[in-house]
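# Descriptive analysis of the structure
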Amino acid sequence: MPSPPLDTLRKWREQAINSHNLTMADFFANKICSFSKDLEDLYWLAQIYYLGGHYTRIEKLLSNSEIYDSLKCVYLLALSLIKLDKFEESHSLLSKYEYFDPSLVEQQPVGQDEYENVKIESLLCFLCGVCFLKRSTPVRAKNCFVRALKVDVKCFEAYDRLMSLDMLTADEEQELFNSLNFERDCGPASDFIKTLYQTKLKKIGVIPEIQRSIEILEDQYDLKSNLDVVLTKAQVEFLAFRFENCLKLTREIIKKDEINQTALPIHISCLFVLEKKSDLMLYSHELSEKYPGEAATWFAVGVYYLAKQANVESRQHFSKSLAIDPQFLPAWIAFGHSFALEEEKDTAISAYMTASKLVTGQHQPYMYLAMLHLKQGNLPLSRDEFMIAQGLCKFDPYLENEVGMYYYQNGEYEKALISFEKSIELLSEIQSTQSSYTGIYGKLWESAWNNSAHAYRKLGNYEKALENLFQILSINPTSTETFVSIAFVYHIQNEFDRALTYYHKALVLNDGHFFAGSMCRVCVQESVDGGFDFGFGGVVRGIVEGEEVDGDEDEGGKDVVEGLQKFSRGEVELRKKSGGDEVYDYRDFVKIVKNGNSSASGGSGSETKIGSDGGREIFSTPVQGSEVSSIRERLRSRGGHDLVQSQQQGGGGVRTRGNGGNGSGGSSGLGQGEGTPRRGRGRPRVGNVVDVPGMVEQEEEDDEMDMDID
């Protein structure tokens, strides 16, 4: 009997595989397996089945064979079982690799491993982690991925899962990176691979180091047009709040790779933050037509509806995205925001908690949970969540501002000041990369300076409070709330002329500002009486509500009551020259007050903005100690409150109406009160959990667009 030409058949099999002619490859491979009992030939037949997507055939082929002497066959069978969603069977096959000792591979002689490039044991550890990930046990999955990298640093997929799914904290990522043996596993390419891996680490707080790595890759290795390098640059631009630059880079990436899973959430977030609803609608349509099976596609559609403030429709598409990929963090964050916007706090908390379990190294879900608890007045739970978030991230200015908001609301003004100053310090680190205080970046500085100023005011350091407030005017000279805050600081120091000047400026910008108008009248009377009298609360309320007011009930006495009542009848006219010719008549304000138009006072007419990276306001005690406790209940009865702004990072959010208080998952509109810290008012970065700014209300476009995507 002639011997079969196995060498010739194997050569033809290899050529057929290389030319993607799987039918011909199968024809030769199954003949070879009939002649040969070599597990290598069996592996190549299974490989042909895998390339053709015939996973069940692989299961039957390898399950009936003695494959355990070939780790490559074990790997291919486990991979096929995962493709068939048979995670229990795959884990049983790989169970010993959950606790595999990397030192065993290091003791093997060089060349013993069947894979020349990546050690097969590393791939088996990685697949074991995938099984745990599919079974929603991320901690055990993380341990398997780390073990895979310890066995062989070239197992990039394990490294990518750890980084992209935020399974490690920033400190843990750095510790793992430093422990990897690049020289042993990469040889002469170790420096190159190490630099590439460094660009995948968390970038918040280490932007200068990442930029140096980018320069090395561009200058020494000529990788300026490489998509991974461009993506890293886009992430840095996003963190530095340069969204226009980031959008240019993501467009460059998507032009070459339409479904880049890392670039898409950043690109979608930039469109949302920059309020490019038309572009977002067109891009969402394009994705839904070309890639209906991708989670990012329906995330894009959901974000478009979120931009239109159509929260119900946005939730439907976020749910569709999560059905495709339950580990898609941007969709979970935006899903939670869509509930928080409608004050469905319990459901929002559930979404954020799910996100926090899926990505154990990401601080944003915990920050949003803390903000929701803070809005509900649950300070102990809010504190616990904030502490967890701070343990995960020490370089987020949004987080530090939100922690300051917690301390401020809890009356711990010294601790609040420390957090607000830390937020300013972190923003200063970004300042060197900014050419001007524009856009969201400028809004963040406004919030940081404002909040710090009001913390100083609470502590009686009026000089520092004014210094920070004037910093705001240097970048935003038309900030009504800043003028009011400056006026109030002067007012409580009995500097009535200066106080009146800034109250007037505020009223020129917003003639319906209830607190400014009320305090202006009180300031006029007190300048005559010669002191700051805090017994005016009942008077102001009485004028607004048309009630009888007894002057003896208030510290201000009868003169204050009579003076204000005369003013309310138009018997007193105050005029303030502004810019030479412009005259402001405060009798107009009296008419507004008497008509009850005081929605700006922060009561039920207040506005709460909820966003992934911006903040909300909190309504706390307006004054304390020497600032008078007697004013507290009186002003609060009409909506008087502190103006504290918060900045927040990561996902999306939209402004919604509410009864003051803290917005959840985003930013709150600035309340009208006696000078309050604010929350940041930028646009939220809905999709990218790198970090997202606060949200300003998005105006409906005249040519409103609708989307009909199923």
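As the structure is a computational prediction, the values presented were derived from the model and not from experiment. (Residues numbered from 1 in each chain as written. Predicted model: local features only at pLDDT ≥ 70, side-chain atom pairs only at ≥ 80, totals over all residues. Heavy atoms only, no water.)

## Quick notes on the overall build of the chain
Along its length, the chain carries 35 helices and 4 strands. Evaluated residue by residue, the chain yields a buried proportion of 58% over its 710 residues. Sequence separation of 24 or more characterises 67% of the internal contacts of the chain that already satisfy a separation of 6 or more. Roughly 29,100 Å² of accessible area belongs to the chain as shown, and the carbon and sulfur atoms make up 47% of that amount. (Helix = DSSP H or I, 4+ residues; strand = E, 2+ residues; numbered from the N terminus. Buried < 20%, exposed > 50% of the residue type's maximum accessible area, 1.4 Å probe, protein only. Contact = heavy atoms within 4.5 Å. Areas by Shrake-Rupley, 256 points an atom, 1.4 Å probe, with all protein chains shown as cover.)

## Observations concerning the confidence of the model for the chain
Model confidence for the chain is summarised by a mean pLDDT of 76, while 71% of its residues fall at 70 or above. Low pLDDT, under 50, characterises residues 109-115; the predicted model gives this stretch 11 contacts beyond four residues in sequence or across chains. Counted against residues more than four places away or in other chains, residues 532-677, with its pLDDT under 50, gives 500 contacts. (pLDDT = per-residue confidence, 0-100.)

## Considering helix α23 (residues 364-375)
Compared with the 16 Å implied by 1.5 Å per residue over 12 residues, the 17 Å span of α23 between its first and last C-alpha is a close match. When you tally the buried positions in α23, you get 12 out of 12 residues, the bulk of the element. Those residues of α23 lying buried are Q364, P365, Y366, M367, Y368, L369, A370, M371, L372, H373, L374 and K375. Remark: G377 follows α23 within two positions and exhibits a positive phi of approximately 80°. (Expected span 1.5 Å × (residues − 1).)

## As for the environment of A334
Tracing the sequence through the fold places A334 in helix α21 (residues 329-340). Residue A334 is classed as buried on the basis of its relative accessible area of 0%. Between the C-alpha atoms of A334 and S314, which are 20 residues apart in sequence, the distance is 8.8 Å.

## Looking at the packing of aromatic side chains
According to the stated counting rule, one finds 29 aromatic pairs in the structure shown. Measuring from ring centre to ring centre gives 5.3 Å for Y408 and Y413, while their planes differ by 75°; the resulting arrangement is edge-to-face. Since its relative accessible area comes to 0%, Y408 is described here as buried. What makes Y413 buried here is its relative accessible area of 9%. One aromatic cluster in this structure is built from F156, Y159, F177, F182 and Y197. (Phe/Tyr/Trp six-rings, centres within 6.5 Å; stacked < 30°, edge-to-face > 60°.)

## Considerations on the environment of W332
Looking at the element boundaries, W332 is found in helix α21. When the C-alpha atoms of W332 and F299 are compared, they prove to be 9.7 Å apart, with 33 residues separating the residues in sequence. Ignoring sequence-local partners within four residues, the contact set of W332 consists of L322, P326, A351, T354, A355 and L358. Among the polar contacts made by the side chain of W332, one reaches the main-chain carbonyl oxygen of P326 at a distance of 2.7 Å. (Polar contact = N/O pair within 3.5 Å; in protein donor to acceptor, adjacent residues only side chain to side chain.)

## Describing the nonpolar core
Grouped together as the largest cluster of nonpolar side chains are 117 residues, with contacts concentrated most on F241, F299, F386 and Y503. Ranked by residue count, the leading element in this core is helix α19 (residues 295-307), at 11 residues. Y50, L127, V130 and L201 belong to the second-largest nonpolar core, a separate cluster that totals 63 residues. (Core = buried A, V, L, I, M, F, W, Y, C linked by side-chain atoms within 4.5 Å.)

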